[in-house]
Amino acid sequence: MKIILVLNAGSSSVKFALIGIGKEGEEQDLARGAFDGIGQVSRWSVKRFDGLANKEITISNGMASNHKEAVSHILTWIDQNYGLASLTAAGHRVVHGGADFIQPVRLDAQTIAALRTLVPLAPLHQPHNLAAIDSLNELAPALPQMACFDTAFHATIPDIGRQFALPRAITALGVKRYGFHGLSYSYIANELARQNAGLAKGRVLVAHLGNGASLCAMRGGQSIATTMGFSALDGLMMGTRTGSIDPAVIFYLMRDQKMTADDVEAMLYQKSGLLGVSGLSNDMRTLREAAGNNRSAREAIDMFTYRIVREAGAMIAVMGGIDALVFTAGIGENDPELRADVIKGLEFAGFSLDETANNAKNRKISTAMGPVALVVPTNEEVMIARETAVLIDRDHK
Ligand code: ADP
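Here's what I pulled together on the structure shown here. (Residues numbered from 1 in each chain as written. Predicted model: local features only at pLDDT ≥ 70, side-chain atom pairs only at ≥ 80, totals over all residues. Heavy atoms only, no water.)

**Overview of the overall build of the chain**
Okay, so step 1: The helix and strand inventory of the chain stands at 16 helices and 13 strands.
Okay, so step 2: Relative to the compact-globule value of 21 Å for 397 residues, the chain shows a C-alpha radius of gyration of 21 Å, a close match.
Okay, so step 3: Dimensions of the chain, computed from C-alpha atoms along their principal axes, come out at roughly 55 × 55 × 50 Å.
Okay, so step 4: When contacts within the chain are restricted to residue pairs at least 6 apart in sequence, long-range pairs at least 24 apart make up 60% of them.
Okay, so step 5: Counting only carbon and sulfur atoms, one obtains 52% of the accessible surface of the chain, whose full area is about 17,900 Å².
Okay, so step 6: Computing the positive centroid from 38 side-chain charges and the negative centroid from 40, the chain places the two 2 Å apart. (Helix = DSSP H or I, 4+ residues; strand = E, 2+ residues; numbered from the N terminus. Rg over C-alpha atoms; globule rule 2.2 N^0.38 Å. Contact = heavy atoms within 4.5 Å. Areas by Shrake-Rupley, 256 points an atom, 1.4 Å probe, with all protein chains shown as cover. Lys, Arg positive; Asp, Glu negative; His and termini not counted. Charge placed at Lys NZ, Arg CZ, Asp CG, Glu CD.)

**As for the pattern of salt bridges**
Side chains that differ in charge, positive against negative, can pair when their charged atoms come close.
Okay, so step 1: In the structure shown here, the tally under the stated rule is 17 salt bridges.
Okay, so step 2: Taking the shortest distance from any N to any O, the salt bridge between Asp395 and Arg106 comes out at 2.7 Å. Of this pair, Asp395 sits in helix H16 (residues 380-396) while Arg106 is found in strand S7 (residues 105-106), placing the two residues 289 residues apart along the sequence.
Okay, so step 3: The residue Asp283 makes a salt bridge to Arg285 at a minimum N-O spacing of 3.2 Å.
Okay, so step 4: Taking the relative accessible area as the measure of exposure, Asp283 reaches 25% and is therefore partly exposed. (Salt bridge = Lys/Arg side-chain N within 4 Å of Asp/Glu carboxyl O. Buried < 20%, exposed > 50% of the residue type's maximum accessible area, 1.4 Å probe, protein only.)

**Overview of the pairing of strand S12 (residues 324-328)**
Okay, so step 1: Burial runs high along S12: five of the five residues are buried.
Okay, so step 2: Along S12, one buried face is formed by Ala324, Val326 and Thr328 and the opposite face, lined by Leu325 and Phe327, is buried too.
Okay, so step 3: One ladder, built from five bridges, connects strand S9 (residues 203-209) with S12; its direction is parallel. Bridging across to S12, His208 finds its partner in Thr328. (Pairing = 2+ DSSP bridges.)

**As for the sheet that holds S12**
Okay, so step 1: One open sheet holds the five strands; their spatial order is S11-S10-S9-S12-S13, and the pairing between them is mixed. Two strands close off the open sheet at either side, each with one partner strand: strand S11 (222-226) and strand S13 (372-375). Strand after strand, the sheet turns through a mean of 25° between neighbouring axes, direction not considered.
Okay, so step 2: Sheet topology note: the S9/strand S10 (residues 213-219) ladder contains seven bridges and is antiparallel. Its bridge partner lying in S10, Arg203 is registered against Arg219.
Okay, so step 3: On top of the sheet, helix H14 (residues 336-345) reaches S9, S12 and S13; it is set at about 155° to S12, its chief contact. (Axes fitted to C-alpha atoms, helices over the stretch in contact; angles between N-to-C directions.)

**Topic: a nonpolar patch on the surface**
Okay, so step 1: Together, Leu166, Ile170 and Leu173 line one region of the surface with nonpolar side chains, adding up to about 270 Å² of accessible area.
Okay, so step 2: Topologically, Leu173 is positioned in the loop between helix H5 (168-171) and helix H6 (182-195). (Patch = residues over 30% accessible without salt bridge, like charges linked within 9 Å, V, L, I, M, F, W, Y side chains within 5 Å.)

**Remarks on the side chain of Arg48**
Okay, so step 1: Residue position: Arg48 is located in strand S4 (residues 43-48).
Okay, so step 2: With a relative accessible area of 11%, Arg48 lands in the buried category.
Okay, so step 3: At 3.1 Å, the side chain of Arg48 forms a polar contact with the side chain of Asp50.
Okay, so step 4: Of note is the side chain of Arg48, whose polar atom sits 3.2 Å from the side chain of Tyr82. (Polar contact = N/O pair within 3.5 Å; in protein donor to acceptor, adjacent residues only side chain to side chain.)

Here it is, written out as structure tokens:
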């Protein structure tokens, strides 16, 4: 069995998963964990799904002042529990692959340098991904490392949907729609192909609704449109991000309200969305609990739903109709009320909700009439492990 270390580094956290892949491609979740609060009061937690089934180990303490210390801690834990030598390779989630990286790639000095040039395209994410890559390079130089990109799945979007209506010279700088959540979308596309091959060939709209949220329109399992754009700020309303707004708002805030670019950026990424509108929380569960007697919480949920329906309408038009709608990620998988409201909003496209199935957490939540609505749990870590294993096999041939 190959054991793949999957790393997903954010600004203050490094999440990891150990995924086993057998000879026949069978996959096994061995362990998952995270180092949160890097640079502040760190919290380390890990859960094993093999041998010591479902044993959660949580240690809270200030232990990692930077990404390298967090990665080092993860490696030490792996060494104590599995032995570092058992690792076949590491796969990193890398948010931006730019125009060139439309497939997973093996990391070496050249590819790492190329990924560094993309930092200006994703300044809030790419540096942290690179920090984890650099750390692992230093701490385990013999371990092959791969990068798997959130943008790559959207390489099939045609230019007409990819370009902004900007002067060509600006487009040539790379200012265009890249789209994100691609590892989640490719996992869902694979699951559909496995479970509903006929449906997977059709017009499928996937709603990835977590803290970050986006829609992806697929035909034949390929992305043809998505709501996120140049950055992960565009499109749907999210936990703390605005989603699309009129760019003139930004000029107004800077010129008339004297906010700096950094202030506006922080507001649009971290203080808006469900959190900004509700004034309460970015967490859908908290908002659902409060919505009964808190108008702002109710309005935040209603806006979140409205924006999904509105963008879904545009995606359905682009696909020329719809055969299936798939809900995934934290909210998509766990919030039946949200799914019901979205499906009701899409009745114009023929959808009909099976309420019992929806509340029972069934996979299929539509009635026999009209297009199919499904709930399919996503698994970005497994997607990264798969892509990493494929690259390793290719290198060894
Ligand atoms: P991330 O984008 O950080 O990976 P997730 O996919 O884990 O996020 O989704 C997080 C969101 O899912 C949060 O808004 C959380 O409230 C929501 N969520 C999780 N469980 C439920 C639930 N049972 N009901 C409603 N929302 C839920």
